[in-house]
Amino acid sequence: MKTKMFKYGLFFLILFFGVALTSCDDKDKDEEKEEVVFDERIEKVLPEDIRVSVERYMPLFLGVNPPNVEGTYYIDPYVSVYCEDEAFEPGRVISSYYINFSNQNMSNNTIDMYKTSSDFTDKSDGKGVFISGSDDKFTAYFSTTGISSFSDYDVYYKTSVVISGKKTKNGIKDLYYAFVMLEKSDDPENNVMDEGYFRIFKDDDGLSEDSSINQLPRNARLVKEGNINTLYMSANAKKYKQ
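This text gives an overview of the structure that appears in the document.

Rules used in this analysis
Residues numbered from 1 in each chain as written. Predicted model: local features only at pLDDT ≥ 70, side-chain atom pairs only at ≥ 80, totals over all residues. Heavy atoms only, no water. Helix = DSSP H or I, 4+ residues; strand = E, 2+ residues; numbered from the N terminus. Buried < 20%, exposed > 50% of the residue type's maximum accessible area, 1.4 Å probe, protein only. Contact = heavy atoms within 4.5 Å. Areas by Shrake-Rupley, 256 points an atom, 1.4 Å probe, with all protein chains shown as cover. 1 Å grid on protein atoms, 1.4 Å probe; cavity = no way out; pocket = protein on both sides within 12 Å on 5 of 7 lines; lining within 4 Å. Points joined across faces, edges and corners; volume = space filled by probe spheres on them. Nonpolar A, V, L, I, M, F, W, Y, C, P; charged D, E, K, R; others polar. Core = buried A, V, L, I, M, F, W, Y, C linked by side-chain atoms within 4.5 Å. Phe/Tyr/Trp six-rings, centres within 6.5 Å; stacked < 30°, edge-to-face > 60°. Lys NZ or Arg CZ within 6 Å of the ring centre and 35° of its normal. Polar contact = N/O pair within 3.5 Å; in protein donor to acceptor, adjacent residues only side chain to side chain. Salt bridge = Lys/Arg side-chain N within 4 Å of Asp/Glu carboxyl O.

### Structural notes on the overall build of the protein
(1) Moving on: A count of helical and extended segments in the protein gives six helices and twelve strands.
(2) Moving on: Per-residue burial over the protein gives 41% buried out of 242 residues.
(3) Moving on: Taking as baseline every contact in the protein between residues at least 6 positions apart, the subset at least 24 positions apart corresponds to 60%.
(4) Moving on: Accessible area for the protein stands at about 13400 Å²; split by element, carbon and sulfur atoms hold 51% of it.

Shown next, in the form of structure tokens:
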């Protein structure tokens, strides 16, 4: 009888420690998720107050094992989801875009980005800050510098960019693109959005298909091949001399 009771006692003791260890593992996983959410690199691109607002309109995926998303993708139709400055109503179709991801570092979770509108009047280059995610889902954070060209002048700008989606064999599914306007050069006709606002767009048909950077004219790769930061500083020379 004592032997039987000892066996039962030992069984429940093992069960107790098993549950305790599982609880500790779950707690560790939750803490790891919190660390990912508040990664210092993410904070530099998207402060918490803006991140909370952005996440109301698009997913922000967690995790430290994102898929490899290197390649060029065509976003069409590119539609408005939300504009804090009320420039476009939800569902408004604007110019389609190409996005190129390169130099993905699977150890440091960084990646670079180049983006151009299909009419090649808007181009931007982003150095990788952080890419999070797991399985086929990812969210990438960038600090970008760009140029928008109009009939008689150019506007140089700096933005914080967030891109989320799901990598598939045919491209990126459910791609969302959010950006915050940080700075812009002289814009006499106010063609570029004002500083301090954010906008969110998406690929409305649900798939940003694989493309090729080689299909783009050379002048559309100005940002990628040139030093747009030097151009930006030149356009703002008076501001930076003060």
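### A look at the layout of surface pockets
(1) Moving on: Its boundaries defined by the atoms lining it, the largest pocket holds a volume of some 530 Å³.
(2) Moving on: Around the largest pocket, the lining comprises 27 residues; the ones closest to its centre are Ile 94, Tyr 97, Asp 122, Ser 148 and Arg 199.
(3) Moving on: Breaking the lining of the largest pocket down by element, the ones donating at least two residues are β6 (110–117), β7 (122–134), β8 (137–149), β9 (154–168), β10 (171–184) and β11 (198–203).
(4) Moving on: Of the residues that constitute the lining of the largest pocket, the class distribution is 14 nonpolar, nine polar and four charged.

### Overview of the nonpolar core
(1) Moving on: Counting residues in each nonpolar core, the largest one holds 27 residues, and the members touching the most others are Phe 101, Met 113, Phe 138, Phe 142, Ile 163 and Tyr 177.
(2) Moving on: Those elements giving two or more residues to this core turn out to be β2 (71–75), β3 (78–83), β5 (97–105), β6, β8, β9 and β10.
(3) Moving on: A total of five residues in this core trace back to one element, the largest contributor, which is β10.
(4) Moving on: Among the nonpolar cores identified, the runner-up in size contains 16 residues, and Tyr 176, Ala 178, Val 180 and Phe 198 belong to it.

### Things to note about the packing of aromatic side chains
(1) Moving on: For the structure shown, the criterion picks out 13 aromatic pairs.
(2) Moving on: Ring geometry for Tyr 57 against Tyr 82: centres 4.2 Å apart, planes inclined by 10°, an arrangement best described as stacked. Remark: Tyr 82 occurs in strand β3 and Tyr 57 occurs in the loop between α3 (48–54) and β1 (64–65); sequence separation between them is 25 residues.
(3) Moving on: The partly exposed category is assigned to Tyr 82, whose relative accessible area is 25%.
(4) Moving on: Here the aromatic rings of Phe 150 and Tyr 153 are separated by 5.6 Å at their centres, their planes lie at 40°, and the arrangement is tilted.
(5) Moving on: The exposure class assigned to Tyr 153 is buried, which follows from its relative accessible area of 13%.
(6) Moving on: Among the aromatic residues, ring-to-ring pairing joins Tyr 78, Phe 88, Tyr 97, Tyr 177, Phe 179 and Phe 201 into one connected group.
(7) Moving on: In this arrangement the basic side chain of Lys 115 is found over the ring face of Tyr 97, its NZ or CZ atom lying 3.7 Å from the centre.

### Examining the environment of Lys 184
(1) Moving on: Along the chain, Lys 184 turns up in strand β10.
(2) Moving on: With a relative accessible area of 12%, Lys 184 lands in the buried category.
(3) Moving on: Here the side chain of Lys 184 touches Asp 187 through a polar contact of 3.0 Å, side chain to side chain.
(4) Moving on: Here Val 192 takes part through its backbone oxygen, which lies 2.7 Å from a polar atom of the side chain of Lys 184.

### Here we look at the pattern of salt bridges
(1) Moving on: The tally for this structure, following the rule as stated, stands at seven salt bridges.
(2) Moving on: Notably, a salt bridge pairs Arg 199 with Asp 85, separated by 2.7 Å at the nearest N-O pair. Linking Arg 199 in strand β11 with Asp 85 in the loop between β3 and β4 (93–94), this pair joins segments that are 114 residues apart in sequence.
(3) Moving on: For the salt bridge of Asp 174 with Lys 166, the shortest nitrogen-to-oxygen distance reads 3.8 Å.

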